[in-house]
Amino acid sequence: MTTGIRLAGLRKDFGATAAVDGIDLEVPAGAFLVLLGPSGCGKTTTLRMLAGLEHPTGGEIRFGERVVAGPGVALAPGRRDAGLVFQSYALWPHMTVRSNVEWPLVVARTPAAQRRERVEEVLELLAIERLAGRYPGEISGGQQQRVAIARMIAPRPSVLLFDEPLSNLDAKLRVETRAELLRIHRATGATSVYVTHDQVEAMTMATHVALMRDGRVEQFGPPADLLDDPASDFVATFMGTPAANVLDAVVRNGRLDHGGTDHGGTDRGGTDLGPANGLADGTEVRVMYRPESLWLSSAGAGGPVLRIAFAEATPMAGRVVVTGVVGDPARRVRVSVLEDRRPAVEPGDPLLVALPERPDRIFDAATGRRVDLVRAA
Ligand SMILES: Nc1ncnc2c1ncn2[C@@H]1O[C@H](COP(=O)(O)OP(=O)(O)OP(=O)(O)O)[C@@H](O)[C@H]1O
Ligand SMILES: [Mg+2]
């Protein structure tokens, strides 16, 4: 039995702070929903409301047809058929691994024979059978994390809630445990909600991503949508490894002009970034370029060229992300270019970046929202 999740107008105020500021979203049964976003955007608060550890100030949470929290409804955590693993997982130190995993079944009054069978099953699923007789103090941090997950899934909850469950693991174990969690999610058929600020985790695990910002959902959809079709410049600069580049520009004579005027409005001869798609002159926009849309060039490539000061080169999957900064000290912007090899330059040296004829996306500077949806024919 599986359960979809629906949040409607969900909010949580802590005094004057709106930790969660009105969230509407819905995922079907069996979904793997990732709540993604920068520190303080309301991920944990949302998850705690799902778990029943926090009561919403407004709105409603449904698991399937059941309202679990809302006006006049506050189902206790133990009655939500939901399992929970937090960043700091508290195993019972005086109980063996086996007893820890068995504990929720004891609480649920599962008959002893069934209990034993289920415990063996989940110990095997998480590959921790051999640790069954040990105490939490006698196993590694990563193993403890797996025990916590085994304990969570033992009673077969139909909703699994995770708050950065992998943050204490080293890079390799993280990748392995990530795969394990996905396997468990699929094997249990549960609906999972997974909080992280690591977007690689989000991209590899999610069926649905909600990218949060200041207590709201900035964009919600399949992970590929957020990468391919960012709804705002915030999404564009948050998603992707490396994230997309965003530059300020102003529409002048029907063209996108970058850096053409300083704050005082003095003309300094800017870079023409292409046609403005019918936007009115004077409109302030932010234009986006994916790192793979740019290339390093020697002068005279023909198209628009940006001058950057080299900052660093980061190897990535056989290629190199070359990053530099552009602009005056008051508004320095990082620009990343995907290249085949590291340029022979030192930090601070100038590099020329060639731009395509038009940016990948144009956003309104005031609202952050896309304005290039209607293109000139
Ligand atoms: N119990 C509380 N009392 C007052 N303010 C709180 C409380 N819990 C959270 N907040 C505030 O609500 C906002 C959202 O916090 P939350 O813990 O949900 O963020 P988060 O997205 O999980 O961040 P992180 O990635 O750092 O864990 C923050 O501004 C935080 O300071
Ligand atoms: Mg948090």
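## Quick look at the sheet that holds strand E6 (residues 73–74)
Next, step 1: Pairing in this open sheet of 5 strands is antiparallel, and the strands run E2-E1-E4-E5-E6 from one edge to the other. Looking at the sheet topology across the chains shown, the edges are occupied by strand E2 (17–27) and E6.
Next, step 2: Summarising the sheet, strand E1 (residues 5–14) and strand E4 (residues 58–63) pair through 5 bridges and their orientation is antiparallel. The residue of E4 that forms the bridge with arginine 6 is arginine 62.
Next, step 3: Most of the contacts of helix H1 (residues 43–51) go to E1, to which it runs at about 115 degrees, and overall it touches E1, E2 and E4.

## Considerations on the domain arrangement of the protein chain
In many analyses, interface size is given as the accessible surface area lost on bringing the parts together.
Next, step 1: Each assigned domain of the protein chain is listed here: domain 1 (5–237) and domain 2 (238–376).
Next, step 2: Distance from the C-alpha centre of domain 1 to the C-alpha centre of domain 2: 38 Å.
Next, step 3: Taken together, the two surfaces of domain 1 and domain 2 that pack against each other cover about 1,500 Å², and 54% of this comes from carbon and sulfur.
Next, step 4: The largest contributions to the domain 1 side of the interface with domain 2 come from Gln199, Asp233 and Thr237, which together make up 35% of the buried area.
Next, step 5: Along the contact surface separating domain 1 from domain 2 lie 4 salt bridges.
Next, step 6: Measuring nitrogen to oxygen at the nearest pair gives 2.8 Å for the salt bridge that ties aspartate 229 to arginine 370.

## Topic: the site of ligand 1
Next, step 1: If you check the shell around ligand 1, you find Phe14, Ala19, Pro38, Ser39, Gly40, Cys41, Gly42, Lys43, Thr44, Thr45, Glu164 and His197 and nothing else.
Next, step 2: A distance of 2.7 Å separates an oxygen atom of ligand 1 from a polar backbone atom of glycine 40.
Next, step 3: A total of 640 Å² of accessible area belongs to ligand 1 in isolation, and the protein chains cover 59% of it.
Next, step 4: Across the shell around ligand 1, the residue classes break down as 4 nonpolar, 6 polar and 2 charged.

## Re the pairing of strand E5 (residues 66–70)
Next, step 1: As judged from the 3 bridges shared by E4 and E5, these two strands associate in the antiparallel manner. Along E5, the bridge assignment pairs arginine 62 with valine 67.
Next, step 2: Hairpin geometry of E4 and E5 is characterised by an intervening segment of 2 residues between the two adjacent antiparallel strands and by a positive phi of about 65 degrees at glycine 64.
Next, step 3: Note: E5 against E6, 2 bridges, orientation antiparallel. If you follow alanine 69 over to E6, its bridge partner there is alanine 74.
Next, step 4: Counted between consecutive antiparallel strands, the loop separating E5 from E6 contains 2 residues, among which glycine 72 sits at a positive phi close to 75 degrees.

## So, the environment of valine 322
Next, step 1: Considering the arrangement of structural elements, one finds valine 322 in strand E18 (residues 319–326).
Next, step 2: Valine 322 has contacts with Leu296, Phe310, Glu312, Ala313, Val335, Ser336, Val337, Glu339, Pro343 and Leu351, leaving out every residue within four places of it along the chain.

## Looking at the packing of aromatic side chains
Any two aromatic rings considered together are summarised by their centre-to-centre distance and by the angle between their planes.
Next, step 1: Across all of its chains, the model carries 3 aromatic pairs by this definition.
Next, step 2: Where phenylalanine 32 meets tyrosine 194, the ring centres are 5.5 Å apart and the plane angle is 40 degrees; that geometry is what we call tilted. One end of the pair, phenylalanine 32, is in strand E3 (residues 32–36); the other, tyrosine 194, is in strand E9 (residues 191–196), with 162 residues separating them in the sequence.
Next, step 3: Plain terms: the ring middles of phenylalanine 234 and phenylalanine 238 are 6.0 Å apart, the flat faces sit at 20 degrees to each other, and that makes the pair stacked. Of this pair, phenylalanine 234 and phenylalanine 238 both sit in helix H8 (residues 233–238), 4 residues apart, roughly one helical turn.
Next, step 4: Taken together, the ring pairs in this structure connect Phe32, Phe162 and Tyr194 into an aromatic cluster.

## Structural notes on unusual backbone geometry
Next, step 1: Residue proline 242 follows threonine 241 across a cis peptide bond; omega there is -5 degrees.
Next, step 2: Structurally, proline 242 is set in the loop between H8 and strand E12 (245–252).
Next, step 3: The phi dihedral of arginine 109 is positive, around 60 degrees, even though this residue is not glycine.
Next, step 4: Structurally, arginine 109 can be placed in the loop between helix H2 (97–107) and helix H3 (112–125).
Next, step 5: Overall, the relative accessible area of 74% leaves arginine 109 in the exposed class.
Next, step 6: With a phi close to 45 degrees, alanine 317 is a non-glycine residue in the positive phi region.
Next, step 7: Take alanine 317: it is sitting in the loop between strand E17 (305–316) and E18.
Next, step 8: We classify alanine 317 as exposed; its relative accessible area is 82%.

Cut-offs applied
Residues numbered from 1 in each chain as written. Chains lettered and ligands numbered in written order. Predicted model: local features only at pLDDT ≥ 70, side-chain atom pairs only at ≥ 80, totals over all residues. Heavy atoms only, no water. Pairing = 2+ DSSP bridges. Helix = DSSP H or I, 4+ residues; strand = E, 2+ residues; numbered from the N terminus. Contact = heavy atoms within 4.5 Å. Axes fitted to C-alpha atoms, helices over the stretch in contact; angles between N-to-C directions. Domains from an automatic or database assignment. Buried area = accessible area lost by both parts, 1.4 Å probe. Salt bridge = Lys/Arg side-chain N within 4 Å of Asp/Glu carboxyl O. Near = heavy atom within 4 Å. Polar contact = N/O pair within 3.5 Å; in protein donor to acceptor, adjacent residues only side chain to side chain. Areas by Shrake-Rupley, 256 points an atom, 1.4 Å probe, with all protein chains shown as cover. Nonpolar A, V, L, I, M, F, W, Y, C, P; charged D, E, K, R; others polar. Phe/Tyr/Trp six-rings, centres within 6.5 Å; stacked < 30°, edge-to-face > 60°. Buried < 20%, exposed > 50% of the residue type's maximum accessible area, 1.4 Å probe, protein only.

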